[in-house]
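Structural overview
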Amino acid sequence: MSTGVIDAGLIDELTGIVGAVHVLRAPEMTAGYSIDWTRRFAGATPLVIRPGDTAETAAVMSALAAARVPVVPQGGNTGLVGGSVPLAGEAVLSMRRLNICEPVDELASQVTLGAGVTLADAQAHAAASGLSVGVDLAARDSATIGGMVATNAGGINVLRYGAMRAQVVGIEAVLADGTVVSHLAGLEKDNTGYDLGSLLAGSEGTLGIITRVRLRLHPTQPERATALLAFETAADAVSAAAALRRGVASLHALEAVFEGAMALVSRHLGVAPPVGRLGGDSHRNPPIEDGGGAWLIAEAAARTDPSDELGAAVEELADLVVDAAVALDPAARQRLWAFRDNVTEAISAAGIPHKLDVTLPAARLAEFVDGVPDVVRATDPDAQPLLFGHLGDGNVHVNVLGPGGAEPADEVDDAVLRYVAELGGSISAEHGIGTAKLSQLHLNRSEAELAAFSAIKRALDPVGLLNPNVLLP
Ligand code: FAD
Ligand code: 2HG
Ligand code: ZN
């Protein structure tokens, strides 16, 4: 595609649409929009535009389309696959100003939110009506609803409510040429043709700019019980996870941290995990190795106290569980969750990892967890794999650090993702393809599927202006 020129006429037009204060050109003003959360993906942009509503977004896209200027849509910039930053000099369309929470529709248990509303604000807004958003993740203070739909974000409650796509009952978006498509009535049954909400969920900014989203909400489950369970092996943790999914109707989250990651996060927090083989003062200087041990955090949530239900299920796992710590009050729960919630931060403090976010079929999960360190080291002997994730969904986050916190060899990504595909898994569970996994998409998608993807892209964005370097090879 021949890209357009950003000339004074275009800048004047954009300034007329959004106001001069929302057209950023100086490098010191655009720098924060050009590097991602991980610091692995950094580019530069000649132009950041910050529209305030749908009409401004449409007018901006119409102007950029006329000038053939490619665009990276950006929400909270917490994406982890290099899809939210301008790596090839694109303009950035920041959606954070579209931050209006419309009143909760309590009759329908739904709400319409601007694309720039943060997850934390959406959660607080829903909670005021006794309702909750079905997806929760640790980046909640920055991640936006538009970005979460665009990535089909997952997080910790997928086993109960599904990922972001399952929450969407209506969508409004601006297409590449500035056309607005809007379908926000939120009718639970509505078979009137293609579901654009489903199509845009997981499209990573390549098919349209999401401006408003209507979300299905869920009854709040205020009573919680949380257990941290320690295991000798990944296989035991996987068996226990399956039993908990079968046996605990109120199961709300089922997360795993494997030994290397647990050693790192406990050192980062300065606290040893209360159960399992890294006890005592091991957090002061533990070896950060994948020694085979595993921990699960199991949380049950209900309208009435679920601790008996969770406790009984844990007792039945006596043959598998080495030790268990149970938390019943919020402070104790938070202490257990800290060992999961802070893993990403702990890794980021240690260096710049390659992040490989994968799903395995349940039957191959333990084999993968045990096998992947060797796959990594066969490619880069000095690399350090750190494993954790949403075990209830078969989703493992393989983070790989190089020596001294440097990036590992690029070949590690390919080796791990090929291993995943061989075992019948997905090379992207919840973070998307972005630019990071472009060259591996073929491992999961056939030529026919990729041709269908390209046809959809051409139909909605014939010039290729929307995130042109993301998702599609
Ligand atoms: P951005 O990072 O700004 O953008 C992500 C992608 O969406 C880009 O391709 C961008 O072009 C596109 N996009 C953004 N806004 C729009 C829009 N309005 N219209 C069209 N396209 C758009 N993810 C999970 O799934 N589960 C987790 O548990 C999880 N935990 C995380 C924890 C931490 C500490 C961090 C830093 C990230 C985590 N993430 C997780 C990743 C990230 O938070 C999600 O991918 C999130 O959905 C990104 O939202 P965002 O608003 O930051 O989007
Ligand atoms: C999580 O589950 C996030 O904590 C981030 O998806 C995963 O850092 C990662 O690789
Ligand atoms: Zn995750």
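Scroll up a little and you will see the structure.
What counts and how
Sequence order as written defines residue numbering, which begins from 1 separately in each chain. Whichever chain is written first becomes A and whichever ligand is written first becomes 1, with later ones labelled in order. Under the rules for a predicted model, residues below a pLDDT of 70 receive no local features and side-chain atom pairs below 80 are neither given nor counted, while totals for whole chains, interfaces and linings still include all residues. Where side-chain values are given, they derive from all heavy atoms of the structure, hydrogens and water being excluded. Where helices and strands are cited, they refer to DSSP runs of H or I of at least four residues and of E of at least two residues respectively, numbered from the N terminus. Remark: exposure states derive from per-residue accessible area (1.4 Å probe, protein chains only) relative to the maximum for the residue type, with buried under 20%, exposed over 50%, and partly exposed in between. Strands pair, by our definition, only if DSSP identifies at least two bridges between them. Lines are fitted to the C-alpha atoms to define the axes, a helix being fitted only along its stretch in contact, and any angle between axes, read from their N-to-C directions, falls within 0 to 180 degrees. Note that the term roughly parallel is reserved for angles under 35 degrees, roughly antiparallel for angles over 145, roughly perpendicular for angles of 65 to 115, and oblique for everything else. What makes two residues a contact is simply this: any of their non-hydrogen atoms within 4.5 Å. By the convention adopted, Pro, Cys, Tyr, Trp, Phe, Met, Ile, Leu, Val and Ala count as nonpolar, Lys, Arg, Asp and Glu as charged, and the other residues, Gly among them, as polar. Distances decide who is a donor: an N, O or S atom must be within 2.8 Å of the metal, or within 3.2 Å for Na, K and Ca. Water is not included, so sites may look incomplete. By convention in these notes, a residue is near a molecule or strand provided one of its non-hydrogen atoms lies within 4 Å of it. Pairs of N or O atoms are called polar contacts if they sit within 3.5 Å, as long as, within protein, a hydrogen donor faces a hydrogen acceptor (for residues adjacent in sequence, only side-chain-to-side-chain pairs). Where accessible areas are quoted, they stem from the Shrake-Rupley method and a 1.4 Å probe; at the residue level, only the protein chains shown are allowed to cover. Side-chain atoms within 4.5 Å are what join buried Ala, Val, Leu, Ile, Met, Phe, Trp, Tyr and Cys residues into a set we call a nonpolar core.

1. Considering unusual backbone geometry
At Asn77, a residue that is not glycine, the phi angle is positive and equals roughly 55 degrees. Inspection of the secondary structure puts Asn77 in the loop between strand E3 (71–74) and strand E4 (91–94). Positive phi values are uncommon outside glycine, yet Ser109 reaches one of about 50 degrees. Relative to the helices and strands, Ser109 is located in the loop between E4 and strand E5 (110–114). Under the relative-accessibility criterion, Ser109 is labelled partly exposed at 23%.

2. Points about the pairing of E3
Every second residue of E3 is oriented toward a common face, with Val71 and Pro73 on one face and Val72 and Gln74 on the other, all of them buried. Of the pairings in the sheet, the one linking E3 to E4 comprises four bridges and is parallel in character. Within E4, the residue paired with Pro73 across the bridge is Leu93.

3. Description of the packing of helix H1 (residues 8–18) against helix H3 (residues 54–66)
At a minimum axis distance of 9 Å, the contact between H1 and H3 shows a crossing angle of 175 degrees. On the basis of their axis angle, the class for H1 and H3 is roughly antiparallel. When H1 is examined against H3, the residues Leu10, Glu13, Leu14, Ile17 and Val18 are found in contact with a partner set consisting of Glu56, Ala59, Val60, Ala63 and Leu64. Classifying every residue of the contact of H1 with H3 by side-chain character gives eight nonpolar, no polar and two charged.

4. Remarks on the environment of Gly4
Topologically, Gly4 is positioned in the segment before H1. A sequence separation of 61 residues divides Gly4 from Ala65, and the C-alpha atoms of the two residues are 8.9 Å apart. Discounting residues that sit within four places of it in the chain, Gly4 has contacts with Ala67, Arg68 and Val69.

5. Here's the deal with the coordination of the zinc ion (ligand 3)
The protein atoms that coordinate the zinc ion (ligand 3) are His390 (NE2), His397 (NE2) and Glu430 (OE), at distances of 1.9 to 2.1 Å. Coordination of the zinc ion (ligand 3) draws on donor residues from a single chain, spaced H-x6-H-x32-E in sequence.

6. Topic: the site of ligand 2
Every residue close to ligand 2 is listed here: Leu80, Arg340, Thr344, Lys355, Phe388, His390, His397, Asn399, Glu430 and His431. Note that an oxygen atom of ligand 2 is positioned 2.7 Å from one of the side-chain N or O atoms of Arg340. Glu430 is positioned such that a nitrogen or oxygen atom in its side chain is 3.0 Å from an oxygen atom of ligand 2. Relative to its unbound accessible area of 290 Å², ligand 2 is 87% covered by the protein chains. If you list the elements that add at least two residues to the shell around ligand 2, you get strand E15 (384–390) and strand E16 (395–401). Tallied by class, the residues present in the shell around ligand 2 amount to two nonpolar, five polar and three charged.

7. Quick look at the nonpolar core
Counting residues in each nonpolar core, the largest one holds 54 residues, and the members touching the most others are Leu244, Leu296, Phe368, Leu391 and Val416. The biggest single contributor to this core is helix H13 (residues 365–379), with seven residues. Setting aside chain neighbours within four positions, we find Leu391 in contact with Ala237, Val238, Ala241, Leu254, Glu255, Ala256, Phe258, Leu296 and Leu365. Counting residues in hydrophobic clusters, the runner-up holds 29 residues, among them Ala126, Leu137, Val149 and Met164.

8. Focus: the pairing of strand E11 (residues 251–258)
Counting buried residues along E11, eight of its eight residues qualify, which places the element largely inside the surrounding structure. As judged from the seven bridges shared by E11 and strand E12 (residues 294–302), these two strands associate in the antiparallel manner. In the strand pairing of E12, Glu255 is matched with Ile297. Bridge count for E11 against E15 is two bridges, and the pairing is antiparallel.

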